[in-house]
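# Structural overview
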Amino acid sequence: MEVQAPPGNTIGYVVQNWHPFLPKFTLLGASHEPLLTIEGPLCAISCCGDVDFNVQGTDGGVIGRISKQWTGLIKESLTDTDNFGINFPLDLDVNVKAILLGACFLIVGPELFIHSSIRLYVLRESWRLRADLQRVWMMIKENQNEFF
């Protein structure tokens, strides 16, 4: 997935790495240099607990997390809504934060929780998320001092 901010200016990419069991992703900069990696759990479906995707730096240390938060048995079984959280260091570069937010939109697609890898459907539909990401990016840039 390509991340642009503002539209037409590519700031990075999110690439899925093949693995037989785990969802793995690499966040790349504008010139395709590796910035961060994301590794999900063996089973992306969880009962009574959060599903965590660890964000790792280039040295392999965990620096953040993307989580599908457990909202309770009734809400989980009777609705199709989900709550997600994203944690990352405050001193992370703004462009890397935007790429990480794009990765969050990508990996939390509904197909991920049916199967541990992203299906073509999510990639095909990711253009819809692009507009949302662009709006969020503009809010971040306008209010950078307030958010970070």
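Parameters at a glance
- Residues numbered from 1 in each chain as written.
- Predicted model: local features only at pLDDT ≥ 70, side-chain atom pairs only at ≥ 80, totals over all residues.
- Heavy atoms only, no water.
- Salt bridge = Lys/Arg side-chain N within 4 Å of Asp/Glu carboxyl O.
- Helix = DSSP H or I, 4+ residues; strand = E, 2+ residues; numbered from the N terminus.
- Buried < 20%, exposed > 50% of the residue type's maximum accessible area, 1.4 Å probe, protein only.
- Core = buried A, V, L, I, M, F, W, Y, C linked by side-chain atoms within 4.5 Å.
- Contact = heavy atoms within 4.5 Å.
- pLDDT = per-residue confidence, 0-100.
- Polar contact = N/O pair within 3.5 Å; in protein donor to acceptor, adjacent residues only side chain to side chain.

### Let's talk about the pattern of salt bridges
- Applying the stated criterion across every chain yields a total of one salt bridge.
- Put simply, Lys-24 and Glu-39 hold a salt bridge, and the shortest N to O gap is 3.7 Å. Here Lys-24 is found in strand 3 (residues 24-29), whereas its partner Glu-39 is found in strand 4 (residues 34-39), with 15 residues between them in sequence.
- On the accessibility criterion, Lys-24 (24% relative accessible area) is partly exposed.
- Glu-39 gets classed as partly exposed once you look at its relative accessible area, which sits at 27%.

### Observations concerning the nonpolar core
- Ranked by internal contacts, the top residues of the largest apolar core, which has 21 residues, are Val-14, Leu-27, Ile-38, Ile-66 and Leu-100.
- Where this core is concerned, the elements lending two or more residues are strand 2 (10-17), strand 3, strand 4, strand 5 (51-56) and helix 2 (94-107).
- Residue contributions to this core peak at eight residues, all from helix 2.
- Not counting residues up to four positions away in its chain, the partners in contact with Leu-100 are Leu-27, Ile-38, Val-55, Ile-66, Ile-86, Phe-88 and Leu-92.

### A short note on the confidence of the model for the chain
- Considering every residue of the chain, the mean pLDDT works out to 76; 72% of them sit at 70 or more.
- Within the chain, the lowest mean pLDDT, 58, falls on helix 4 (residues 144-147), and the highest, 92, falls on strand 4.

### A short note on the side chain of Thr-10
- Positionally, Thr-10 belongs in strand 2.
- Of the polar contacts made by the side chain of Thr-10, one reaches the side chain of Glu-2; its length is 2.3 Å.
- Excluding residues within four positions of it along the chain, Thr-10 makes contact with Glu-2, Val-3, Gln-4 and Ala-30.

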